[in-house]
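This is what each chain is made of:
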Amino acid sequence: MAVPLFNLAPDMAVSRLCLGTMTFGEQNSMSQSFQLLDKAFQSGINFFDSAEMYPVPQRAETQGKSEEYLGHWIRSRNIPRDRLVLATKVCGPSGKMTWIRNGPESVDSRNIAEALDNSLLRLQSDYIDLYQVHWPDRYVPMFGETEFDSHRNFPYVSFEEQLIALEKAICSGKIRYIGLSNETPYGLMKFLHVAEGLSRNPRVVSVQNAYNLLCRNFDSGMAECCHHERVSLLAYSPLAMGILSGKYLSLDGGPSDARLNLFKGRYAEGESRYNLSDGITGKAARLYFSIAKKYDVHPVSFAIVELHESGSSSLNPE
């Protein structure tokens, strides 16, 4: 059965399943990555997502491999560029990834331009369909955090500077549309408002936030914003980093080569947001698994169908 399509933008139809490439180059070799890409494409998926910092856990030695593998695959399979929708991301400020523009320090115009050009080279493409800000330049609670702490604020690059840089990239033909990731209702509405004052109105078309049966933060303020502003949710981690598959619920903690076991201690987001030793999270995961088993539904299918019923535009199984 072909994967259904929907219009992420008026002239950009994408499959409702998007293949994330976050593990390509670290957990997955190039040959394994090609097998996954082949299977996805043959199944009707035309939407592929990456980021300049991938793969994770991030290391200087592997940075950019995910985009490189994706680019090599497209070239080696001779796939016409217009049959694919490529999405990637520019890093937000970190300070920890010193090998990416010294941190990176910010999402200012220089960093956006440099990141974009490097991604185009790695992807071996003249343009990127959806270019996303991986996480905000300003302080926000993210990657498992839920409460805003005003004392952690710091100076940040203005929304205007970021949008002008992205608008310039659209005008030059390097990107078609822009998106956000790990964003808040405030951030989304500010980007939309500021874009209205620019000549080409470089409007945000999507928000890629974590969304699954164990993480429903999107359902609060962000769902209302996206509904009224016609901004699509690209739900990443629909299986809660594999927990909703049930593979970590066995007495032995799951396969040794499963991501959260293989990289134990190196996945801060997964180990904080989806901590099975936490009574509520563990109980919820086990209850979902038991419901799926009761109705003879594969837990992966159960988790994904439930998200589609909730109105997610596209799922990115990273």
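Definitions and limits used
- Residues numbered from 1 in each chain as written.
- Predicted model: local features only at pLDDT ≥ 70, side-chain atom pairs only at ≥ 80, totals over all residues.
- Heavy atoms only, no water.
- Phe/Tyr/Trp six-rings, centres within 6.5 Å; stacked < 30°, edge-to-face > 60°.
- Helix = DSSP H or I, 4+ residues; strand = E, 2+ residues; numbered from the N terminus.
- Buried < 20%, exposed > 50% of the residue type's maximum accessible area, 1.4 Å probe, protein only.
- Lys NZ or Arg CZ within 6 Å of the ring centre and 35° of its normal.
- Polar contact = N/O pair within 3.5 Å; in protein donor to acceptor, adjacent residues only side chain to side chain.
- Contact = heavy atoms within 4.5 Å.
- Expected span 1.5 Å × (residues − 1).
- Salt bridge = Lys/Arg side-chain N within 4 Å of Asp/Glu carboxyl O.
- Axes fitted to C-alpha atoms, helices over the stretch in contact; angles between N-to-C directions.
- Left-handed = near helix turned anticlockwise from the far one by under 90°.
- Nonpolar A, V, L, I, M, F, W, Y, C, P; charged D, E, K, R; others polar.
- Core = buried A, V, L, I, M, F, W, Y, C linked by side-chain atoms within 4.5 Å.
- Patch = residues over 30% accessible without salt bridge, like charges linked within 9 Å, V, L, I, M, F, W, Y side chains within 5 Å.
- Areas by Shrake-Rupley, 256 points an atom, 1.4 Å probe, with all protein chains shown as cover.

Under an unreviewed UniProt entry, the protein has the name NADP-dependent oxidoreductase domain-containing protein and belongs to Salvia splendens.

Aromatic ring pairs: the centre-centre distance and the angle between the two ring planes describe each pair. Using the criterion set out here, one finds nine aromatic pairs in the structure. Seen in terms of ring centroids, Phe48 and Trp73 are 5.5 Å apart; in terms of plane orientation they differ by 55°. Their pairing is tilted. Residue Phe48 is located in strand 4 (residues 47-49), and its partner Trp73 is located in helix 2 (residues 65-77); the two are separated by 25 residues in the primary sequence. The two residues Phe48 and Trp73 agree in class, both being buried. Here the aromatic cluster, defined as three or more aromatic residues joined through ring pairs, consists of Tyr156, Phe159, Tyr186 and Phe191. Across the ring face of Tyr127, the terminal group of Arg81 is positioned such that the distance to the ring centre comes to 4.1 Å.

Within the secondary structure, Asn182 is located in the loop between strand 7 (175-181) and helix 5 (185-196). Side-chain polar atoms of Asn182 contact the backbone oxygen of His134, separated by 2.8 Å. Apart from residues lying up to four places away in sequence, Asn182 is in contact with His134, Trp135, Pro136, Val140, Met142, Phe143, Gln208, Asn209 and Tyr236.

Turning next to helix 2. Over its 13 residues, helix 2 extends 18 Å from the first C-alpha to the last, a length consistent with the 18 Å expected when each residue adds 1.5 Å. Those residues of helix 2 lying buried are Ser66, Glu67, Tyr69, Leu70, Gly71, Trp73 and Ile74. Among the structural elements, helix 1 (30-42), strand 4, strand 5 (85-90) and helix 3 (109-123) are those in contact with the buried residues of helix 2. With its phi angle positive at about 55°, Asn78 sits one or two positions after the end of helix 2.

All right, on to the pattern of salt bridges then. Evaluation of the coordinates by the stated rule reveals 15 salt bridges. Between Arg101 and Glu52 there is a salt bridge; the shortest N-O distance is 2.7 Å. Of this pair, Arg101 sits in the loop between strand 5 and helix 3 while Glu52 sits in the loop between strand 4 and helix 2, and the two are 49 residues apart along the sequence. Look at Arg101 and you get buried, because its relative accessible area is 12%.

Looking now at helix 4 (residues 159-171). The end-to-end C-alpha distance of helix 4 is 18 Å, a good match for the 18 Å that 13 residues give at a rise of 1.5 Å each. Looking only at helix 4, the buried set comprises Phe159, Gln162, Leu163, Ala165, Leu166, Glu167, Ala169 and Ile170. Check the buried side of helix 4 and you find it contacts helix 3, strand 6 (128-133), strand 7 and helix 5. Following helix 4 by one or two positions, Gly173 adopts a phi angle in the positive range, close to 85°.

All right, on to the packing of helix 3 against helix 4 then. Where helix 3 meets helix 4, the axes come as close as 9 Å, and the angle between the chain directions of the two elements is 35°. For the crossing formed where helix 3 meets helix 4, the hand is right-handed. Together, Ser109, Ile112 and Leu116 of helix 3 and Glu161, Gln162, Ala165, Leu166 and Ala169 of helix 4 make up the contact between the two elements. By residue class, the composition of the contact of helix 3 with helix 4 is five nonpolar, two polar and one charged.

We now examine the nonpolar core. Counting residues in each nonpolar core, the largest one holds 52 residues, and the members touching the most others are Phe48, Trp73, Tyr131, Ile175 and Leu188. The leading source of residues in this core is helix 4, at six residues. Setting aside anything within four residues of it in sequence, one finds Ile175 in contact with Leu116, Ile128, Tyr131, Leu166, Ala169 and Ile170. If you look at the next biggest cluster of nonpolar residues, it comprises 33 residues, including Tyr54, Val56, Trp135 and Leu244.

The grouping of Phe154, Tyr156 and Tyr186 at the surface amounts to a nonpolar patch, some 310 Å² of accessible area in total. Examined against the element boundaries, Phe154 turns out to sit in the loop between strand 6 and helix 4. You can call Phe154 partly exposed: its relative accessible area is 38%.

Right, let's talk about the environment of Pro238 for a bit. Inspection of the secondary structure puts Pro238 in the loop between strand 9 (232-236) and helix 7 (259-262). For Pro238 and Asp129, which are 109 residues apart along the polypeptide, the C-alpha to C-alpha distance reads 22 Å.

Right, let's talk about unusual backbone geometry for a bit. Of note, the bond from Val56 into Pro57 is cis; its omega dihedral lies within 30 degrees of zero at -5°. Topologically, Pro57 is positioned in the loop between strand 4 and helix 2. With an omega of -15°, the peptide bond running from Gly103 to Pro104 counts as cis. Take Pro104: it is sitting in the loop between strand 5 and helix 3. A positive phi angle, close to 65°, is found at Asn102, a residue other than glycine.

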